[in-house]
Structures are given as structure tokens and as C-alpha cells.
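Results of the structural survey
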Amino acid sequence: MKYKHKILVTGGYGFIGGNFIQYLRKSFRDDVYIVNIDKNGYASNEEYARPYCDETHHIDITDVPALESIFAGDTSYDYIFHFAAESHVDNSISGPTIFVESNVLGTQNLLECFRNLNKGCGKFIHISTDEVYGHLGLTDPAFTEETPLSPRSPYAASKASSDLMCISYMRTYGLDISITRCCNNFGPNQYKEKFIPTIIDSLKNNNKIPVYGKGDNVREWIHVAAHNEAVWNVAINGNTGVYNIGSGVELANIELVKLICKIMGKDPDDSIEFVEDRLGHDFRYAIDCSKAKKIGVQQGNYNDFVVELESYIGYYINNGR
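Residues numbered from 1 in each chain as written. Predicted model: local features only at pLDDT ≥ 70, side-chain atom pairs only at ≥ 80, totals over all residues. Heavy atoms only, no water.

**Considerations on the sheet that holds strand 7 (residues 184-186)**
Taken together, the 3 strands give an open sheet; going across it, the order is 7-9-11, and neighbouring strands pair in mixed fashion. At either margin of the open sheet sits one strand with a lone partner, and together these are strand 7 and strand 11 (250-252). Put simply, the sheet's adjacent strands are angled 45° from each other on average, direction ignored. As defined by bridge partners, strand 7 adjoins strand 9 (residues 218-223) across 3 bridges and the pair is classed as parallel. When the sheet's bridge partners are listed, Phe186 is paired in strand 9 with His223. Packing against the sheet, helix 9 (residues 253-263) makes contact with strand 9 and strand 11, and its axis sits at approximately 90° to strand 11. (Pairing = 2+ DSSP bridges. Helix = DSSP H or I, 4+ residues; strand = E, 2+ residues; numbered from the N terminus. Axes fitted to C-alpha atoms, helices over the stretch in contact; angles between N-to-C directions. Contact = heavy atoms within 4.5 Å.)

This is the structure we're talking about:
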């Protein structure tokens, strides 16, 4: 069978990676040959992505021989999308070592495979996060791609380190590498530890919603489908370097909780439990997407966000994830 692109996805059983694999298959059908590698960790959901893959391999990217086997023989990839990462900030605070191993060493292992076994052919797209920039005050201008890296959690530091490894391979070896830094995602297949699933699950089961501090920390939110469309756009139309991806929709955590309470018909005064704040809790993230817009990446608005959120709440209640 002929196909236009052979694509390697890391972390394809995860939240964003699984949705990306579905996006590729539904958008391009037999024009893509999808190889997925995932260690099948605690937050993975094999059933969500496996039917859309041409090959699947249970491989940890810290296992160099196993990773190299994916590039054996004449195998080469037109695109490598690197989603695999440990991503939960609270877990990085209680146990940072695995974040360094997976996010930093794992990325470097993959870059070596791209450089040597893929012979620098194709394009490498590294999926990162806005958290590498640190945090903002309430009235500070949004992060741009030129904002200095200033991570404040072990998770963010591990992602910043992996970004720098990508940049070093780009500059030293002249490889075609793009880095995407996105705001907070939500949507189908998101693991229950994340904030929006926690809110929905708490309300669904008549439990209190745990809200850090006073709930005034601000986040920018994007639906995973919009994020993945932007990632593909960067792969096809983008140059080497960094692209910020965001929605422009900023909400304080307490505003988001109250919005979901309203959608689900719950009284927020009876549903919220303020808990001890997270160590080093970043106050605000906001993304300037001007660069991505120049290559055709579309940005949503608040009304779109509410519609997408309502849809996801219904999906979560029916599917449990």
C-alpha cells in the first residue's frame, strides 16, 4: 500500500498523543503510516489509540536498545512527533527523578536516533509546554518565543531541559526540529488527575472540588483537537525553532470551577473545598501566538471554549475519561 508519510509518534497512548493519532488517521486515512511507541504507564489508555495505529510498540524511551530497534534496517520516518513525557506537576514535586529520566534523557535518546539512525532525514516535532517560561503577574504581557526560560517546578525544568537539547541538536547538527509550547489542554481521554477531569469527577460523585489556595491562579485553556491541528500545521508549514500555541482564553481556577458548576447545575458554594496551596505554584500563564498565526494556526475565543467544555463534560460523564 502506498502512503505519503511514515510517522512515528511517542507517547501515543497518552492524552494528547492519543488524540493526535486519531486526528492523523481521521484526517489522512491511508495516506499516513503511523508507528506508535509508548511505555504504557499509569496514565496511558491503549484502547483509545491502538485501533488507529499501523504499528504499536510498548517501549520506554529511556531503553536505548529497544528504541533503536524501531529505527532498524531501512526504516526512516518523515515525521517524528515526540509527545512522550511525565507531565503531572504534583508528581514532579514529590518525585522528580523520573521526570529527569523520561523527559530529559528520553528526549536525548530519541534525538540521537533521529540524528544517527534516521540520518537526520524528515522532521522532528517536540511537544513542550508554556510552563518552561515560568509565570506571570496579572497584568504582565503574554509569553513570546523570545521569553527567557525560567521554570519553577521539577516538571517544567525537565521540559525546559528537553527543549534545550532539541535546540542544541538543531544548531549543532543542522537538524529540522520544531518545538511547540502549548497552554493547558482539555478534552477526551485526559487522565483524572488533571484539573478539569477532577472538577467534573468531583461534581459527578457529589464530592468536594479541591482548589489550591484561593483559586486565583490563572491558566489559558485550549481543546486538545485545536492543539493537535496546530501541531500538524507547525510540522507542515513551520520552520525550525519554537512556536507558541494558545487560545487566548484565560480563566482563574475559581472562575473555571464556577463555570463547570453552572454547566452541571451545581452550587459552587456547596461544591468547593480550598486546600493548601501547591509548593511553588505558578500564578499565571498566557501565550502570545502571533508567530503561529503567521503559518495559519487558528485561535479560538471564549464562546468556542464554553461550547467545547460543555461537549467534553458530556463526554466525560458518559465515558469516565
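**A look at the sheet that holds strand 5 (residues 123-129)**
Read across the open sheet, the 7 strands follow the order 3-2-1-4-5-6-10; overall the sheet is parallel. The sheet is open, and its two edges are formed by strand 3 (55-57) and strand 10 (241-245), each paired on a single side. Geometrically, the sheet is characterised by an average inter-axis angle of 20° between neighbouring strands, direction not taken into account. Across 3 bridges, strand 2 (residues 32-37) lies against strand 3 in parallel orientation.

**Re the pairing of strand 8 (residues 209-212)**
Only one face of strand 8 is buried, namely the one carrying Ile209 and Val211, since none of Pro210 and Tyr212 on the opposite face is buried. As paired elements, strand 8 and strand 12 (residues 272-275) share 4 bridges and run parallel to each other. The residue bridging Tyr212 from the neighbouring strand is Val275, located in strand 12. (Buried < 20%, exposed > 50% of the residue type's maximum accessible area, 1.4 Å probe, protein only.)

**Overview of unusual backbone geometry**
In this model, Asn40 sits at a positive phi of 60°, which is unusual for a non-glycine residue. Residue Asn40 is classed as partly exposed on the basis of its relative accessible area, which comes to 31%. Even without being a glycine, Asn206 presents a positive backbone phi close to 60°. Inspection of the secondary structure assignment puts Asn206 in the loop between helix 7 (195-204) and strand 8. Overall, the relative accessible area of 63% leaves Asn206 in the exposed class.

**With respect to the pattern of salt bridges**
Close approach of charged atoms lets side chains of opposite charge pair. Per the stated rule, a full pass over the model turns up 9 salt bridges. Across the pair Arg152 and Asp282 runs a salt bridge whose closest N-O atoms are separated by 2.6 Å. Highlighted residues: Arg152 in the loop between strand 5 and helix 6 (154-173) and Asp282 in the loop between strand 12 and helix 10 (290-293), separated in sequence by 130 residues. The buried category is assigned to Asp282, whose relative accessible area is 5%. (Salt bridge = Lys/Arg side-chain N within 4 Å of Asp/Glu carboxyl O.)

**So, the packing of aromatic side chains**
What the rule picks out here adds up to 18 aromatic pairs. Aromatic pair Phe71 and Tyr77: ring centres 5.3 Å apart, planes at 80°, arrangement edge-to-face. Tyr77 gets classed as buried once you look at its relative accessible area, which sits at 3%. Both rings, one in Tyr312 and one in Tyr316, keep their centres 6.1 Å apart while their planes meet at 70°; by these two values the pair is edge-to-face. Of the two residues, Tyr312 and Tyr316 both sit in helix 11 (residues 302-319), 4 residues apart, roughly one turn of that helix. Overall, the relative accessible area of 2% leaves Tyr312 in the buried class. Look at Tyr316 and you get buried, because its relative accessible area is 2%. The structure contains a cluster of three or more aromatic residues connected by ring pairs, namely Phe20, Tyr23, Phe28, Tyr79, Phe81, Phe83 and Trp232. Geometry around Tyr285 places Arg219 over its ring, the cationic atom sitting 4.1 Å from the centre. The lysine or arginine in question, Lys291, covers the ring of Tyr243, its NZ or CZ lying 4.5 Å from the ring centre. (Phe/Tyr/Trp six-rings, centres within 6.5 Å; stacked < 30°, edge-to-face > 60°. Lys NZ or Arg CZ within 6 Å of the ring centre and 35° of its normal.)

So yeah, pure geometry; function would need other evidence.
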